[in-house]
Amino acid sequence: EQGPPERTVRTTCAYCGVGCAFDAGVGDGTVVNMVPADDGPSNQGHACMKGRFGWTYNYAPDRLRVPLLRQGNQWVEMSWPDALDRIAHEWVRLRDTYGPDALATISSSRGTNEENYLFGKFMRCVVGSNHIDNCARVCHSATVTGMMDTIGASAATNSIQDLDLAKLVLVVGANPTESHPVVGARIKQAVRRGAALIVIDPRRTELARLADLHLQLHPGTNVALLNGLGHILIQEGLIDQDYVRDRTQGFEEWVKVVESCTPETTSKVTGVPAHLIAEAARRYATSGGSMAVHGLGMTEHRWGSHGVMALVNLALATGNIGKPGTGINPLRGQNNVQGASDVGCLPTFFAGYQPFDNPELAAAHLAITGRPLPTTRGMKTPDMWDAAIAGTLKSLWIIGYDVAQTDPNLKKVHAALKSLEFLIVQDLFLSETAKLAHLVIPGASFLEKDGTFTNLERRIQRIRKAVEPPAGVLPDWQVVCEVSARMGYPMWYGHPSAIMDEIAQLAPMFAGVSYDRLEAPEGLQWPVPSKEHPGTSLMHEHSFPKGKAQFVAVDYLPPGESPTETYPLVLITGRILQHYNCGAQTRRTGIMQVVDTDVLEIHARDAAQLDLHDGEIVRLVSARGEARLPVMVSDRVQPGELFTSFHFPHTDLNVLLSSSADESSKCPEYKVSTVRIEKV
Ligand code: SF4
C-alpha cells in the first residue's frame, strides 16, 4: 500500500499533444499519483483518464531493464558497455562498407526535444546523412506540407485558449473528445457559451452529435467538400476582399478551380446534402471569428496535404488567419510529435524547419558542431521500407516507435525490418518492432528524465525527473551520446538544458528559449526569436513568413482505393479515448479493465445484411491480409463504412492497410481501406 506523496514534481503528460501539466506525487522513490495542475496552461486543472491513471506502465513487470542481443531465437542479456560498443562497431562497419545511405534512424515523437535534436545531430555529424524521420510521417506530415506551401509555417496558428474566443469552431477529420480529450471538453464549453460548431467527419462522433451542422462526407472526399464551400463563398460574395488583397496571392487561380465545384456536384462526390454545404460556408464566413481544428481524418489520405491546403484556402478567403479565435490548428497526436519535427527529425528540414541549402545555417552548423551539414534530403519512412527490401538500407535504429504494429501494410513493414542486417530498437518494452530487432536497448520513461515537450499549440514545456530509472538504464539522449563518442564524435552535455542552448543557437525560432525561462509554468510558445521575446500565442498577426500567404488551388482526386465487389466496405481506423496508439503504455495499466480489445463498428444495415450481432468475432479481409475482431453495431458509422482502432497487437489490424500515401508528404492513407467481412 502506497502512502501520500512526500513531494511533487511538475511535469507534462506523455500521451497526447494537448500537453497537460501534472504534478507527479512521489513517495519512497516511487510515483504514487498524478494530479493535473491548476496552473497548467493548456489544461488548467483538467485531464483525461490516460494522463491521470495511465502512468502505471512505469512499474510494469515487463519493463526492459538490460540490453538484449538476439542469438538465433534466443535473447541474451548484454552489459551496457558491450551493447553500446556493439552498436558503434556495427554502424562504423556498415557505414564504411556501404556508405552513409546504408544507415537510417526513426526517432521518437514521445521522446524529448533534446533527445530528438541529438539523434538528428548524430545522423548528420556522425553518419553524414539526413536519413532521419519520426512518427509525424504517418500522422501530420501532410499538415507540414500543406501549411508550409500556403502560409509558410507548419504549426497551429493560434492557442488552445483561443477556443474561448472563437465564434465558430470548424472541426475537420478529428475526434477530440477521444483523441485530445481536454481540447474536446474545451470545444464543448465553447458551444455551451454560444459558439457555433460545424463538424466535417464521416463518423457521427460525440462532437458531431452536438454540432449545429454535421457534414458527414464519404471518407477521402475532404478536398471536394472544402472546394464546394469555397464555391459558395465566391457565389455569395462572402470573400474578405481586403484581406485577400493585402495578405495573400494566388486567389484567382483558386477561384478558377472552385468555380466548377457547385453544391450539386460536391454533394454527388461527398454524399453531403447541397443545402448543408451552402449553410456551412455561410456560417464559416460570417461568424465573426472561425477557428478550424483538424486531425488525422484530414491528413491520413492519399491527398492529405491537398486537404490541408483546401482548408487553408477557405481561411485565407475569409480572413480567418492571424486573428484571435481563428486560424488553422492541427491537433498533433503524440505528446511531442510537434517538437520532434521542430528540432529537425525530418529528412527534409533541419531544426526550425530550415532548408538544408541555407548557407547561413551551413556556416553556423559547421562552427557549432565541427561537421558540415549534409545537403541532400534523406529518406522518408516509407522510402526506408523500400530501401531495406531492395537491400540498400542495411541498418535502422528506431527509438520509441512501434512501426511493426502501427505503420500501414504491415506485411511489407515486417519484410523490410527482417531484411536488415542490424536492427536496433530502443524502447520501454519488448514491442512488436523490438521482437524483430537484433539488439534491444531499454529506455527511460518521461518520469525518469529531464527535458522538454512541445504541445500542439507550439508550447515548449518542461518534463522533470521525478524518480530514478531502473538500475543502469540511461535516458535516450545519453545512449546516443555514448554511441556517438564510440564512433569518434564525442557529444557530452552535462544536462539537457545545454542541448536546448545548442538548439537555440542553430534555430532562430528557438533563439530565446532556455531552461531558466521554461521554469515558468506557462513555458514558451515558439517562435521565440530573442531572449527578450515573450513567445508567440498568435501567429501571422501582421505578416506571413513568406510575406503574403499563398492560395494553392487543388482539384479533388479520389482516394487510393474505391469499393469493389470483392471488397465492398470502406474501413476507417483511429484511436479511442481509453487507449493510445500501439497501446504499449495503456495496455499495461488499469485501463485494460475498461477496454481490452479493438472493436469493429458497423452500421445496423450492414450488420443485418451480413447477419452479424454485437460481440460476434468476424474476419476482416483486404487485398493485403486479414484480421479478426468483434463487431459492434453502431450509428456512428454510415452504411458501407466501418471503423476500428489499432491498439492491440493481437488484432494485427494494420496488416489490412495499403501503402497508398499522400503524394508529396508520404503520409499513409489510414482512413480509406477497402475490405470485406466474413463470418468466422
Ligand atoms: Fe494527457 Fe492528452 Fe489526456 Fe491531457 S488530454 S491528460 S495530455 S492524454
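Every residue gets a number counted from 1 within its own chain, in the order that chain's sequence is written. Confidence filtering applies because this is a predicted model: local features only for residues at pLDDT of at least 70, side-chain atom pairs given and counted only at 80 or more, and all residues used for totals across whole chains, interfaces and linings.

### Section: the environment of Ala 466
Under the convention used in this document: Strands are runs of DSSP state E lasting at least 2 residues, helices are runs of H or I lasting at least 4, and numbering of each runs from the N terminus. Whether two residues are in contact is decided by their C-beta atoms, placed from the backbone, lying within 7 Å.
Mapped onto the secondary structure, Ala 466 falls in the loop between strand 18 (459-463) and helix 20 (476-486). Each C-alpha atom, one on Ala 466 and one on Gly 488, is 33 Å from the other, the two residues being 22 residues apart in sequence. Residues within four places of Ala 466 in sequence aside, it is in contact with Val 9, Thr 11, Ala 24, Val 26, Val 31 and Leu 447.

### Quick word on helix 21 (residues 496-506)
Note the following rule: Counting other C-beta atoms within 10 Å of a residue's C-beta gives its exposure: the residue is buried at 20 or more, exposed at 12 or fewer, and partly exposed in between, where C-beta atoms are placed from the backbone. In this context, the arc is that of the directions from the helix axis out to the C-beta atoms.
Those residues of helix 21 lying buried are Pro 496, Ile 499, Met 500, Ile 503 and Leu 506. The buried residues of helix 21 occupy an angular sector of 125 degrees when projected down its axis, which confines them to one face. Residues of helix 21 that are buried sit in contact with helix 3 (113-127), helix 16 (359-369), strand 17 (451-454), helix 20 and helix 22 (515-518).

### Topic: the sheet that holds strand 14 (residues 395-399)
What counts, and what does not: Between any two strands, at least two bridges found by DSSP are needed for them to pair. A fitted line through C-alpha atoms serves as each axis, taken over the contacting stretch for helices, and the angle formed by two N-to-C directions is quoted from 0 to 180°.
The mixed open sheet is built from 7 strands, whose spatial order is 5-4-16-15-14-6-7. Only two strands of the sheet have a single partner each, and these edge strands are strand 5 (74-77) and strand 7 (132-134). Shown here is a sheet whose adjacent strand axes are inclined to one another by a mean of 20 degrees, direction ignored. With 3 bridges joining them, strand 6 (residues 103-107) and strand 7 adopt parallel strand pairing. For Ile 106, the partnering residue across the bridge sits in strand 7 and is Asp 133. Its contacts with the sheet place helix 2 (residues 80-98) against strand 6, strand 14, strand 15 (422-427) and strand 16 (439-442), and it is angled at close to 135 degrees to strand 16.

### Topic: the domain arrangement of the chain
This is how it is decided: What marks off one domain from the next here is an automatic or database domain assignment. The nonpolar class holds Ala, Val, Leu, Ile, Met, Phe, Trp, Tyr, Cys and Pro. Asp, Glu, Lys and Arg form the charged class, and all remaining residues, Gly among them, are polar.
Structurally, the chain comprises domain 1 (7-59), domain 2 (68-139 + 335-519), domain 3 (143-331) and domain 4 (569-657). For domain 3 versus domain 4, the distance between C-alpha centres works out to 28 Å. Taken together, the contact between domain 3 and domain 4 spans 11 residues of the former and 12 residues of the latter. Of the residues contributing to the side of domain 3 that touches domain 4, the split by class is 4 nonpolar, 4 polar and 3 charged.

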